[in-house]
Structure formats: C-alpha cells, structure tokens
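# Results of the structural survey
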Amino acid sequence: MTEVYTEGIAFILEGATEKTFYLNILKYFSTLDVEASFEKCISDTDGEIFYVWSDINKKVLVKLYVVGTVTQIIHSGKWFKNRCAQRQKIPWSVYLCYDTDSPRADISKFFEGDWKRLRDTLVKNHAKHIVDLAASADIEDVLLCDMEGVCEYLNISVPIELKGRKGKAKMKALYRSCGATYHEGERAETMIQTLNFEKIVLSSPIGLERLKKHLLKNEMS
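Residues numbered from 1 in each chain as written. Predicted model: local features only at pLDDT ≥ 70, side-chain atom pairs only at ≥ 80, totals over all residues. Heavy atoms only, no water.

### Quick notes on the layout of surface pockets
- Approximately 470 Å³ is the volume found for the largest pocket.
- Lining the largest pocket are 20 residues; nearest its centre among them are Glu 3, Tyr 5, Ser 43, Phe 50 and Gln 88.
- Counting residues per element, the ones that place at least two in the lining of the largest pocket are strand S2 (37–42), strand S3 (49–54) and strand S4 (59–66).
- Broken down by element, the lining of the largest pocket gets its largest block of residues, four residues, from S2.
- Here the residues of the lining of the largest pocket are counted per class, giving seven nonpolar, six polar and seven charged.
- Of the volumes computed, that of the second largest pocket is approximately 160 Å³. (1 Å grid on protein atoms, 1.4 Å probe; cavity = no way out; pocket = protein on both sides within 12 Å on 5 of 7 lines; lining within 4 Å. Points joined across faces, edges and corners; volume = space filled by probe spheres on them. Helix = DSSP H or I, 4+ residues; strand = E, 2+ residues; numbered from the N terminus. Nonpolar A, V, L, I, M, F, W, Y, C, P; charged D, E, K, R; others polar.)

### Thoughts on the packing of helix H1 (residues 16–30) against helix H9 (residues 208–217)
- In the contact formed by H1 and H9, the axes pass within 11 Å of each other and the chain directions differ by 50 degrees. The orientation of H1 relative to H9 falls into the category oblique. As H1 packs across H9, the resulting crossing turns out to be right-handed. Of the residues in H9, those touching H1 at Phe 21, Tyr 22, Ile 25, Leu 26 and Phe 29 are Leu 208, Leu 211, Lys 212, Leu 215 and Leu 216.
- Here the residues of the contact of H1 with H9 sort into nine nonpolar, no polar and one charged. (Axes fitted to C-alpha atoms, helices over the stretch in contact; angles between N-to-C directions. Parallel < 35°, antiparallel > 145°, perpendicular 65-115°, else oblique. Left-handed = near helix turned anticlockwise from the far one by under 90°. Contact = heavy atoms within 4.5 Å.)

### Some thoughts on the pattern of salt bridges
- Counted under the stated rule, the structure contains 13 salt bridges.
- For the salt bridge of Arg 83 with Asp 46, the shortest nitrogen-to-oxygen distance reads 3.2 Å. Within this pair, whereas Arg 83 is found in helix H2 (residues 77–85), its partner Asp 46 is found in the loop between S2 and S3, the two being separated by 37 residues in sequence.
- The shortest N-O distance in the salt bridge between Arg 117 and Asp 114 comes to 2.4 Å. Here Arg 117 pairs with Asp 114, and both are found in helix H3 (residues 113–124), just three residues apart, close to one helical turn. (Salt bridge = Lys/Arg side-chain N within 4 Å of Asp/Glu carboxyl O.)

Structure below.
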C-alpha cells in the first residue's frame, strides 16, 4: 500500500553538520506538539532513508540531501526532480541550508547565475516554496547561539573572549581549551543534542521560526 502524504519537505544541505543539526531540531519541534511525531524510515524498494513528520492534521514526507560543499548545491535540482517530485506528486517545500562564509556576506549572489537556474529548476518541478536557511558564516555560528550549552557540554566556563573569526574556528578553539577536538557531522551530534533549541530558534541569524511555524501550524508565509 502506497503511503499518502499531505506534503513534502526537501532539505538541501551544504554539509553533514547541517544535516545533524536539522534532524535534531526537527525532533525538538515534534516535542512541542503532543500530537506530533518525527520518525526515521527506510524504503522497502531501494533502501533510501527518509523521515516522516505526523500530527493530527498532516503527514509530511521529509528528505535530506547533503551536497558536500556550497558550490555543489546548484547541482541539486536533479536530485529534487528524481528523488522527490517525480516519486511523490505532492506539494513540496525546499529548504536550502548553506553557509554564507561571512557574517557580512551579500545573500543576493545566491539568487543569481547558477543559483537562479537551480531555483528555476525547483519551481519547474513543482516546488511551491523555496526557503533560504543561510547561516551567517558557519553552521557553528548557529550552534554557538547557545554558547552556555556548548560550554556546559565541554565542562568549561564561558570565555570572556572567544578566539576565531567564524563559528567553526570558534568552536574548535572552545574544544581545544579543554583538550578536546571538535569533529563535524554526525560526530558532533552528542554535543548538538544537549543544546537549548528554544534559545537557538529565538536568537539564530537564520529563519528557524519559519520552519517551526511551517511544521506546527502548517503555514508558509
């Protein structure tokens, strides 16, 4: 029997740390509604891993695609077409999750050239909404919105001054200060799971409130 979904959400992610972060924040959002659940699933046909958000009003198919580097995001339209839009004829929202590489980066460049062609491809393949969740500098800058949580995990005091220009350098410096090594991707999950996601959502430089509203109220503004 074919599963019936009310909609689909596709996350196109720059790296594995972004994937780990978004999976954990989706789990967190599901705890905010007693009727909601977020579950990992495996396809019987090809072994593809996907996720399902369910609540009293909807059943959302969630897929995540890690491209490796920001320059490869522009080539992800084929994945969306083949693995999402053509497999499930449902309304799709696409979240583009990437780093701007600088707190002062001009985000307009992510709407030009190859990025515009990607957006056109997504729309052509029935993406109803395209949302940019662009971290100012690094995804670690988002994690460090809960600086106290990171330091508590490391069992260190919050430093008066944090070394490093971008989030990844700052995170590495924190780990080094207690003789540890920061690892990205799935190896960062133990730390990420301990963070205060409510605090991160409220203070993050990216639009996590929009994702929260989408899932909990089924609204896209």
